[in-house]
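# Observations on the three-dimensional arrangement
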Amino acid sequence: MLRRFRASWLAATDNLRLAVGTFLGNPLRSLLTLLGIVIGVMTVITMMALIEGLRLKVNKDLSQLGANTFQVSKWPVGFGRVNWRKYAMRKNMTLEDVRAILETCPSVLQVSASDSEGAQKLSTANMETRPSVDVTGATPEYLETSGISIASGRFFGPVDEVDGRQVVVLGMDVVDALYPGMNPIGQQLRIKGRPFTVVGVTQRRGSFLGMVSMDNEVFVPLRVYKLLYGAGGSLQLSVQATTPELLSKAQEEVTNLMRRRREVAPLEPNDFEIHTNESMTQTFNSLSQVITIASFGVCLLSLVVGGIGILNIMLVSVTERTKEIGIRKALGARKARILGQFATEAVMMALLGGAIGVGLGFGLAFLVRWVLGFNTVVPAWAVFLSLGMSSGVGLIFGIYPAARAARLDPVEAMRSE
């Protein structure tokens, strides 16, 4: 048993040594042959690093949206094709819905309402922002249900809302643009030509999904917002449950209430959306799965191209070494030994291409992190799967040339030139 194991080990190491020698004998030709495999594996590693980094960012950002909360909205959250005309026919969410939820749902602690208008320009006497600021109108409860924190000053309260006071709370990006090196509290700015007094500044929150800054936003009382932008839009409601344990119960109570208020028939689907951190995470996961499948599709095509290259170079190698194969068989080399030699060469070449692709993928992921400041994480399973796929391609496309070499007649092979 030990003798057989030792013979197998010596055969394997000998095949590996011959494979390395063949590769080093024609390094440029070998590298060009592996280009398809390198590109495929590099694509997978880079895309998986981006998706995994984005997934971690999504989980972190969603955890900051408020404790024990969910959103009720007229509009869905989704990717790809969405029939917005269908959802536009739905009834709007209103402040009457807020009052009904508070009066009817015992598991609900508080509810806030908000609406937002993007691409706005704010100005002071000396400075102005780019037309990219989000202006959000909200009720005072928004501070608790949204998960934001106040860095200085205060958020607007019930008196500001009832009296329609023109006060504003700024995000840090707006502070940097309008009041560099200054304390903005008590300062004046204009929104759509109307004067507002700064009463507070929010804590810096960073970007959502690594792309959209959550600090390029200002908050005004909802009543004032409606005077600025009109009262015809649908509100988004943020509902906070009494305790984490009652979150599901609160969702059920709000769903039943909204169905009654909107006169939805028993067997009809909801004509409104319930968004939770879990549902938004599931939506992102669905998108990431599509991207993952597409990435592996690109990898598979590149691996097939690389496999064809390996098939070609191995056939050339068999032709070039026909005499050598004949001599080895004449000296007693079995078919299995010849087959193992050329199969090892094919797998080693493919595995080398996969390793180069993994290295380049790590490099691209680091470059994205360095240039864009976006966190990228390469999952270990993507590395092992990529290497496994590349070595599998080498074995599949190397079997035919290896079998062809093993079937050569030793006498005819030694006569070849």
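Conventions used here
Residues numbered from 1 in each chain as written. Predicted model: local features only at pLDDT ≥ 70, side-chain atom pairs only at ≥ 80, totals over all residues. Heavy atoms only, no water. Phe/Tyr/Trp six-rings, centres within 6.5 Å; stacked < 30°, edge-to-face > 60°. Helix = DSSP H or I, 4+ residues; strand = E, 2+ residues; numbered from the N terminus. Buried < 20%, exposed > 50% of the residue type's maximum accessible area, 1.4 Å probe, protein only. Axes fitted to C-alpha atoms, helices over the stretch in contact; angles between N-to-C directions. Parallel < 35°, antiparallel > 145°, perpendicular 65-115°, else oblique. Left-handed = near helix turned anticlockwise from the far one by under 90°. Contact = heavy atoms within 4.5 Å. Core = buried A, V, L, I, M, F, W, Y, C linked by side-chain atoms within 4.5 Å. Salt bridge = Lys/Arg side-chain N within 4 Å of Asp/Glu carboxyl O.

Any pair of aromatic rings gets described here by the distance separating the centres and the angle formed by the planes. A full pass over the atoms with the stated rule returns four aromatic pairs. Arranged with centres 5.7 Å apart and planes meeting at 45°, the rings of Y142 and F219 form a pair that is tilted. Separated by 77 residues along the polypeptide, Y142 in helix 6 (residues 142-146) and F219 in strand 11 (residues 217-221) bring together distant segments of the chain. Their ring planes at 55° and their centres at 6.2 Å tell us that F155 and F219 sit as a pair that is tilted. Of this pair, F155 sits in the loop between strand 5 (150-153) and helix 7 (158-163) while F219 is found in strand 11, placing the two residues 64 residues apart along the sequence. Both residues of the pair, F155 and F219, count as buried. Grouped by ring-pair contacts, the aromatic residues Y142, F155, F156 and F219 constitute a single cluster.

Now for unusual backbone geometry. Note: most residues except glycine have negative phi, and most peptide bonds are trans. Not every positive phi belongs to a glycine, and A119 is a case in point at roughly 55°. One can find A119 in strand 2 (residues 108-120). Positioned with a positive phi, E263 is a non-glycine residue whose angle comes to about 55°. Assignment of secondary structure puts E263 in the loop between helix 10 (247-261) and strand 13 (273-275).

Now for the packing of helix 5 (residues 95-104) against helix 10. Running from amino to carboxyl end, helix 5 crosses helix 10 at an angle of 130°, the nearest separation of the two axes being 10 Å. In terms of axis orientation, helix 5 runs oblique to helix 10. Every pair of crossing elements has a handedness; the one defined by helix 5 and helix 10 is right-handed. Along the contact surface, helix 5 presents E96, D97, A100, I101 and T104, while helix 10 presents V254, L257, M258, R260 and R261.

Another aspect to go through is the nonpolar core. The biggest cluster of nonpolar side chains holds 41 residues, and the ones touching the most others in it are L189 and I191. The biggest single contributor to this core is helix 10, with five residues. Excluding residues that lie within four positions of it along the chain, L189 makes contacts with L122, S123, T124, V168, L170, L178, Y179, R194, P195, F196 and V198. Of all hydrophobic cores here, the second largest spans 23 residues; its members include V41, I310, A382 and V383.

Once that is clear, we can look at the pattern of salt bridges. Within this structure, the stated rule accounts for 11 salt bridges. The salt bridge involving R90 is made with E273; its shortest N-O contact spans 3.0 Å. Here the residue R90 occupies a position in the loop between helix 4 (84-88) and helix 5, and E273 occupies one in strand 13, the gap between them amounting to 183 residues. One salt bridge in this structure joins R154 and D160, with 2.8 Å as the shortest N-O distance. Three or more residues joined by partner-sharing salt bridges are found here, namely R154, D160, D163 and R165.

This paragraph deals with the environment of F70. Position of F70 relative to the elements: it lies in strand 1 (residues 69-73). Its relative accessible area of 0% is what places F70 among the buried residues. Considered as a pair, F70 and T145 are 75 residues apart in the sequence and their alpha carbons are 8.6 Å apart.

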